[in-house]
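Notes for the structure review
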Amino acid sequence: MKNKANYHILVGVLAGLLIGLYIKFNPLANGSDSILYIAELVADIFVSSLKMILIPVIFFSISVGIANLSSHKQSSKIWVLTFLFFFISMALAIILGLGSMNLFQPGRGMSLSIFSEQLNNFHQASINLNLFTKQFFGSFFVNPLKAMAEGNILGVITFSMLVGFAIARGGKEFVEVKKILNGLLGVTMKIVSWIVHFSPYGVSALIIKLVTQQSPDLFLTLSKFIMVIIGMTLFHGIVVLPLLLYFFTKINLVALWQGAREAMVTAFATSSSSATIPVTLSAVEKNLKVKPDIARFVIPIGATMNMDGTALYEASAALFVANLSGIDLEIGQQLIIFCTAMIGAIGAPGIPSAGMVTMAMVLQSVGLPLEALAILLPIDRLLDTFRTAVNVEGDIVVSLIVQKLIRNN
Ligand code: ASP
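Report on the accompanying structure. Keep in mind that what you see is a predicted model, and the values were worked out from it rather than measured. (Residues numbered from 1 in each chain as written. Predicted model: local features only at pLDDT ≥ 70, side-chain atom pairs only at ≥ 80, totals over all residues. Heavy atoms only, no water.)

Our focus in this paragraph is the packing of helix α11 (residues 253–270) against helix α12 (residues 273–287). Interhelical geometry of α11 versus α12 gives an angle of 175° and a closest axis separation of 8 Å. On the basis of the axis angle, α11 is roughly antiparallel to α12. Where α11 abuts α12, its residues Gln-258, Gly-259, Glu-262, Ala-263, Thr-266, Ala-267 and Thr-270 lie against Thr-276, Val-279, Thr-280, Ser-282, Ala-283 and Asn-287. Grouping the amino acids of the contact of α11 with α12 by side-chain chemistry returns four nonpolar, eight polar and one charged. (Axes fitted to C-alpha atoms, helices over the stretch in contact; angles between N-to-C directions. Helix = DSSP H or I, 4+ residues; strand = E, 2+ residues; numbered from the N terminus. Parallel < 35°, antiparallel > 145°, perpendicular 65-115°, else oblique. Contact = heavy atoms within 4.5 Å. Nonpolar A, V, L, I, M, F, W, Y, C, P; charged D, E, K, R; others polar.)

To continue, consider unusual backbone geometry. One non-glycine residue, Gln-105, lies in positive phi territory at about 40°. Locating Gln-105 in the fold gives a position in the loop between α3 (75–104) and α4 (116–120).

Taking 1.5 Å per residue, 17 residues should reach 24 Å; helix α15 (residues 331–347) reaches 24 Å between its end C-alpha atoms and fits that length. Inspection of α15 places Gln-334, Ile-337, Phe-338, Thr-340, Ala-341, Met-342, Gly-344, Ala-345 and Gly-347 among the buried residues, and these make up the whole buried set. Of the surrounding elements, those touching the buried residues of α15 are α3, α5 (129–138), α13 (292–305), α14 (308–324) and α16 (354–365). (Expected span 1.5 Å × (residues − 1). Buried < 20%, exposed > 50% of the residue type's maximum accessible area, 1.4 Å probe, protein only.)

With that out of the way, let us pick up the site of the ligand. Near the ligand you find 15 residues, and of these Ser-273, Thr-310, Gly-355, Asp-384 and Arg-387 are the closest. Here an oxygen atom of the ligand sits 3.3 Å away from a polar atom, N or O, in the main chain of Gly-350. Coverage of the ligand by the protein amounts to 100% of the 270 Å² it exposes when considered alone. When residues of the shell around the ligand are traced back to their parent elements, those giving at least two are α16 and α18 (380–407). Considering only residue class, the shell around the ligand consists of four nonpolar, nine polar and two charged. (Near = heavy atom within 4 Å. Polar contact = N/O pair within 3.5 Å; in protein donor to acceptor, adjacent residues only side chain to side chain. Areas by Shrake-Rupley, 256 points an atom, 1.4 Å probe, with all protein chains shown as cover.)

It is worth spelling out the side chain of His-236 at this point. For His-236, the position within the fold is in helix α10 (residues 223–249). A polar side-chain atom of His-236 sits 2.9 Å from a polar atom in the side chain of Asp-308. Once residues lying within four places of it in the same chain are set aside, the contact partners of His-236 are Ser-89, Leu-92, Ala-93, Leu-96, Leu-241, Pro-242, Asp-308, Leu-312 and Val-390.

A separate point is the nonpolar core. In terms of nonpolar packing, the biggest core is built from 80 residues, with Ile-58, Ile-277, Phe-297, Ile-301 and Ile-396 touching the most fellow members. Per element, the largest residue contribution to this core is 16 residues, and it comes from helix α2 (residues 32–71). Ignoring any residue separated from it by four or fewer positions in sequence, one finds Ile-277 in contact with Leu-54, Val-57, Ile-58, Ile-299, Pro-300 and Ala-303. Among the nonpolar cores identified, the runner-up in size contains 53 residues, and Phe-219, Phe-320, Ala-322 and Ile-375 belong to it. (Core = buried A, V, L, I, M, F, W, Y, C linked by side-chain atoms within 4.5 Å.)

With that settled, the discussion passes to empty space enclosed by the protein. A full pass over the atoms with the stated rule returns one cavity of 30 Å³ or more. As a volume, the largest cavity reaches approximately 70 Å³. If you trace the largest cavity, you find 15 residues lining it, with Thr-310, Ile-351, Asp-384, Thr-388 and Asn-391 closest to the centre. At the level of elements, α16 and α18 are the ones that each hand at least two residues to the lining of the largest cavity. Here the element with the most residues in the lining of the largest cavity is α18; it accounts for four residues. The class makeup of the residues in the lining of the largest cavity is four nonpolar, nine polar and two charged. (1 Å grid on protein atoms, 1.4 Å probe; cavity = no way out; pocket = protein on both sides within 12 Å on 5 of 7 lines; lining within 4 Å. Points joined across faces, edges and corners; volume = space filled by probe spheres on them.)

Approximately 550 Å³ is the volume found for the largest pocket. Around the largest pocket, the lining is made up of 24 residues, and of these Gly-151, Ile-153, Gly-347, Pro-349 and Ile-351 lie nearest the centre. Secondary-structure elements contributing two or more residues to the lining of the largest pocket are α2, α5, α7 (153–170), α12, α15 and α16. Taken together, the residues of the lining of the largest pocket break down into 14 nonpolar, nine polar and one charged.

What follows covers the pattern of salt bridges. What the rule picks out here adds up to five salt bridges. Notably, a salt bridge pairs Glu-150 with Lys-146, separated by 4.0 Å at the nearest N-O pair. With a gap of four residues between them, Glu-150 and Lys-146 both fall in helix α6 (residues 144–150), about one helical turn apart. You can call Lys-146 partly exposed: its relative accessible area is 47%. Residues Arg-387 and Asp-384 are paired through a salt bridge, measuring 3.5 Å at the closest nitrogen-oxygen approach. Highlighted residues: Arg-387 and Asp-384, both in helix α18, separated by three residues, approximately one helical turn. In this pair, the class of Arg-387 matches that of Asp-384, namely buried. What you see here is one network of salt bridges that share partners, running through Asp-380, Asp-384 and Arg-387. (Salt bridge = Lys/Arg side-chain N within 4 Å of Asp/Glu carboxyl O.)

Shown next as structure tokens:
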């Protein structure tokens, strides 16, 4: 059953790719319009259904997860290990990004001025470190209903954690509340399993949309940069993260891929780690056998805070912009980029192109021109697919490592 679902999702990806390419190169062919219309409809239904179930999944899984975790003998160890491995995996990603950009220099020989068309159409939405910090911390403590209605994930996470802590502190007094929340989590996950069942169609439709909406011109000009970014993101996902996982757990790449592919393909197609949370949770618990008390803690928090692909991208893109602007960044400035890329990745919500917003802060931290975002935005839909898949893979890897290190003690 599990293998069948995995197989269906790969068929969905392939079908989406083939149909998308066919329509892209034969836009006037009979039926192209109808196929595109249906693809958009199916893609919208899929993404909306993930968003529909997202807030209940986050609320129930974190509140129940923390309530259980707090009674866990090693709860503080789980906290420390989770954040430690979030940091380690993102740090490795940034080092990889900075190293590869210094090595390949894909912006060398080009200059910002050749992108005059994009630069002229660009309206700057600037965000500096102070404003970002204010907004970031401001979104923690808010009316929970407002946060839920507006999809403010950080606000929902904070409230869910507080509910979880309160249940744990209350002990016997809140046993019934815990039971009810646990029951509701079960109901929510049942709905998730139906959505996962539908995911091959949703993924296929999203890929048709993705392929048909790309315009080739800017892609050709930026091909070296795009190839380095995709290559390094894949390297992090196929070599660095699996090595880290193998080192601590002896789980190999094939086993990781088999257990995680549902979630990674959904992340790739939706470009949203948050929308993928329901699928990631179900893959991690059912396929990779991570205990619910760890999975329900690490996955929802990781989806908003642990973003290896985004961290790699923000650091690399800053160096690319420096290249384009003819600015040589010294080691001290690259260190600043290391820090701001990490903060930017932690602060970016798990939604499409969120990394582009926090990217402004990274550029500003070392005085690079914000207009360069105009060049990066049109190619972002494509790059976002790979980095979101690796963001989700990072969360899965950390949950497996934490589980192993806890069990070994
Ligand atoms: N789309 C990414 C995610 O959801 C965030 C980003 O834009 O980097 O994980």
